[in-house]
Amino acid sequence: MAFNPADFVVEEPKSIPVVLLLDVSYSMQGENIDTLNKAVESMLNSFKKAETMETFIKLAIITFGSENGVDLHTPLTEVSKIDFKPLNISGSTPMGAAFKMGKAMIEDKDIFKGRDYRPTIVLLSDGEPNDDWRQPLDDFVNTGRTKKCDRMALAIGAADKTVLNM
């Protein structure tokens, strides 16, 4: 049997997937959107420093509050390749739609591979949704692959923490 270097393929390292759900609605105007943008910049800088040869972090950003309601701002991408630009405010606060989009993304096995680490979901908001968010959040927390996600919510400004504590 002859030696063939092509038989030795290096596996892609496991990734740590992170999904940010970012509120960019009108209620986030002023200091709130500035705080959100600084928090995202800080996270990205920390993630870039934390990457190693064995593990790397992939990040997706979903914004809610734009003219479209909810947008996939950044598809799941290695953090070292993300050039984040500060976000601007517009629109209402369709938090439920953001939960639905995040869930659909995580349930897609072509995007979130089974071999990667458990996804972490981070919600940054002032906690003032104006759509049906309870059922989408319940579905996110209790059904499918998303029920295994690590979840956290960061309150921005004088946030309604009753929503963010759910």
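Presented here is a report on the structure given in the accompanying data block. (Residues numbered from 1 in each chain as written. Predicted model: local features only at pLDDT ≥ 70, side-chain atom pairs only at ≥ 80, totals over all residues. Heavy atoms only, no water.)

Side note on the overall build of the chain
Stated formally: Secondary structure elements are taken from DSSP: a helix is a run of H or I of four residues or more, a strand is a run of E of two residues or more, and numbering for both begins at the N terminus. Accessibility here uses a 1.4 Å probe with only protein chains present; expressed as a share of the type maximum, an area under 20% marks a residue as buried, one over 50% as exposed, and anything in between as partly exposed. Computed with a 1.4 Å probe, the accessible areas rest on the Shrake-Rupley method; for each residue, only the protein chains presented here act as cover. Working convention for charge: Lys and Arg count positive, Asp and Glu count negative, and His plus the chain ends are omitted. To locate a charge, the coordinates of NZ of Lys, CZ of Arg, CG of Asp or CD of Glu are taken.
Looking only at helices and strands, the chain has four helices and five strands in total. Its helices and strands taken in sequence order, the chain reads β-α-β-β-α-β-α-β-α from the N to the C terminus. With the principal axes as the frame, the chain shows a C-alpha extent of 65 × 30 × 25 Å. By the burial criterion, 43% of the 166 residues in the chain qualify as buried. With an accessible surface of roughly 9300 Å², the chain has 52% of that area assigned to carbon and sulfur atoms. Looking at charge distribution, the chain has the averaged site of its 19 positive side-chain charges lying 5 Å from that of its 25 negative ones.

Section: the sheet that holds strand β4 (residues 120-125)
Note the following rule: At least two bridges found by DSSP between two strands is the condition for calling them paired. Note on geometry: axes are C-alpha line fits, over the in-contact stretch for helices, and angles between N-to-C directions span 0 to 180 degrees. By definition in these notes, contact holds between two residues if any of their heavy atoms fall within 4.5 Å.
The sheet built from five strands is open, its strands ordered β3-β2-β1-β4-β5 with mixed pairing. Since the sheet does not close on itself, it has two edges, and those belong to β3 (69-78) and β5 (150-155), each with one partner. On average, each strand axis in the sheet is inclined to that of its neighbour by 15°, with strand direction left out of account. Summarising the sheet, strand β2 (residues 55-66) and β3 pair through seven bridges and their orientation is antiparallel. The residue of β3 that forms the bridge with Ser-66 is Gly-69. Sheet strands in contact with helix α1 (residues 31-50) are β1 (14-23), β2 and β4, and its direction is about 175° off that of β1.

Thoughts on the packing of helix α2 (residues 95-107) against helix α3 (residues 134-142)
Selection rule: These descriptions rest on fixed angle ranges, namely under 35 degrees for roughly parallel, over 145 for roughly antiparallel, 65 to 115 for roughly perpendicular, and the rest for oblique. By definition, any crossing whose near helix is turned counterclockwise from its far helix by less than a right angle is left-handed, and any crossing with a clockwise turn is right-handed.
At a minimum axis distance of 8 Å, the contact between α2 and α3 shows a crossing angle of 25°. Taken together, the axis directions place α2 and α3 in an arrangement best described as roughly parallel. Of the two possible hands of crossing, α2 and α3 adopt the one that is left-handed. Judged by residue contacts, Gly-96, Phe-99, Lys-100, Gly-102, Lys-103 and Ile-106 of α2 engage Pro-136, Leu-137, Asp-139 and Phe-140 from α3.

Looking at α1
Note: α-helices contain 3.6 residues per turn, so residues at a spacing of three or four share the same orientation. The criterion, for reference: To estimate the expected span of a helix, count its residues, drop one, and scale the result by 1.5 Å. As used here, the arc is the angular range of directions from the helix axis to the C-beta atoms.
Taking 1.5 Å per residue as the helical rise, α1 with its 20 residues ought to reach 28 Å, and the 28 Å between its terminal C-alpha atoms agrees with that figure. Listed in full, the buried residues belonging to α1 are Asn-32, Ile-33, Leu-36, Asn-37, Val-40, Met-43, Leu-44 and Phe-47. Seen end-on, α1 carries its buried residues on one side only, within an arc spanning 135°. The exposed set on the far side of α1, more than 90 degrees from its buried face, consists of Glu-31, Lys-38 and Lys-49. The inward-facing, buried residues of α1 contact β1, β2 and β4.

A look at the packing of aromatic side chains
How we decide: Stacked, tilted and edge-to-face pairs are distinguished by plane angle, under 30 degrees for stacked and over 60 for edge-to-face with tilted covering the rest, among Phe, Tyr and Trp rings (Trp via its six-membered ring) whose centres lie within 6.5 Å. The rule is short: NZ of Lys or CZ of Arg within 6 Å of the ring centre and within 35 degrees of the ring normal puts a charge over the ring.
Inspection of the entire model under this criterion finds one aromatic pair. Ring plane angle 50° and centroid distance 6.5 Å describe the contact between Phe-99 and Phe-140, whose orientation is recorded as tilted. Here the residue Phe-99 occupies a position in helix α2, and Phe-140 occupies one in helix α3, the gap between them amounting to 41 residues. The residues Phe-99 and Phe-140 share a single accessibility class, namely buried. Its guanidinium or amino end placed over the ring of Tyr-117, Lys-14 lies 4.4 Å from that ring's centre, counting from NZ or CZ.

Topic: the side chain of Asp-126
This is how it is decided: Nitrogen and oxygen atoms within 3.5 Å of one another constitute a polar contact, given that in protein one can donate a hydrogen and the other can accept it, and given that sequence-neighbouring residues count only through two side-chain atoms.
Here Asp-126 lies in the loop between β4 and α3. The exposure class of Asp-126 is buried, given its relative accessible area of 2%. For Asp-126, the side chain forms a polar contact with the side chain of Ser-27, separated by 2.6 Å. Separated by 3.4 Å, the side chain of Asp-126 and the backbone nitrogen of Glu-128 make a polar contact. With residues up to four places along the chain from it excluded, the contact list for Asp-126 reads Asp-23, Ser-27, Met-28, Asn-32, Ile-156, Ala-159 and Asp-160.

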